[in-house]
Amino acid sequence: DLEQKIKRYRKRRRYVDEPVVWAALCQIASALRCLHSKGVLHRDIKSANCFIDATGRIKLGDMNVSKCMKDGLLKTQIGTPYYMSPEIWRNLPYGDKSDMWALGCVIYELCALQPPFAGTNFEELSHQVQRGYCPRIPPAYSDELWSVVQALLTVSVGKRPSAEQLLQHELDALLLVPAELVGQAK
């Protein structure tokens, strides 16, 4: 899974190559687009639930706490604290953009090899998440990737992209990426 990959890179003191990060972003966003189009929220997106198959593709797993939305928004507070959105921490109703926040946390973690928000206790972690400030991903990564991570980690739900919006943006951006880099994204 991605959690193990992150641990290996942290141990080696090396960053994951940017094309690999972009590939992960697109694959997880595609899985979320599929779920969200069916009215399903995953509700526990985290690096440990992003499994890597034999070909290097990422599969979103552990649907144990996923939920079908019937009337638009959910209120049950659930998920892994490091990946929980500000709206969940505030005990507000939430929707698919909460999964998108968690995707931002996973991609940040894949780049920085640590979560974007930390605290010594729940209260401190909650405050950090609700503030929404995290340090820039390492300078080894492009400003374009950083801007996507920032968009996903936007505290304002209305400004956070949906999976569909994110994928459309990335498809447009991929037209600018040399084909040899796209092929390296394993």
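Our structure is the block above this text.
What counts as what
Residues numbered from 1 in each chain as written. Predicted model: local features only at pLDDT ≥ 70, side-chain atom pairs only at ≥ 80, totals over all residues. Heavy atoms only, no water. Helix = DSSP H or I, 4+ residues; strand = E, 2+ residues; numbered from the N terminus. Buried < 20%, exposed > 50% of the residue type's maximum accessible area, 1.4 Å probe, protein only. Contact = heavy atoms within 4.5 Å. Areas by Shrake-Rupley, 256 points an atom, 1.4 Å probe, with all protein chains shown as cover. Axes fitted to C-alpha atoms, helices over the stretch in contact; angles between N-to-C directions. Left-handed = near helix turned anticlockwise from the far one by under 90°. Nonpolar A, V, L, I, M, F, W, Y, C, P; charged D, E, K, R; others polar.

J.: An account of the overall build of the protein is needed here, citing residue identities and associated values.
T.: Scanning the protein from N- to C-terminus turns up eight helices and four strands. Along the protein, helices (α) and strands (β) appear in the sequence α-α-β-β-β-β-α-α-α-α-α-α when read from the amino end. Buried residues in the protein amount to 47% of all 186 residues. By sequence separation, contacts in the protein at least 24 residues apart represent 64% of the contacts at least 6 residues apart. Of the roughly 9700 Å² of accessible surface on the protein, a fraction of 54% belongs to carbon and sulfur atoms.

J.: With reference to specific residues and values, describe the packing of helix α2 (residues 18-37) against helix α6 (residues 143-152).
T.: Close contact between α2 and α6 brings their axes to 11 Å; oriented N to C, the two are set at 35°. Crossing angle aside, the handedness with which α2 passes α6 is left-handed. Residue-level inspection shows E18, V21, W22 and L25 of α2 in contact with α6, the latter providing E144, L145, V148 and L152. A class-by-class count of the residues in the contact of α2 with α6 yields six nonpolar, no polar and two charged.

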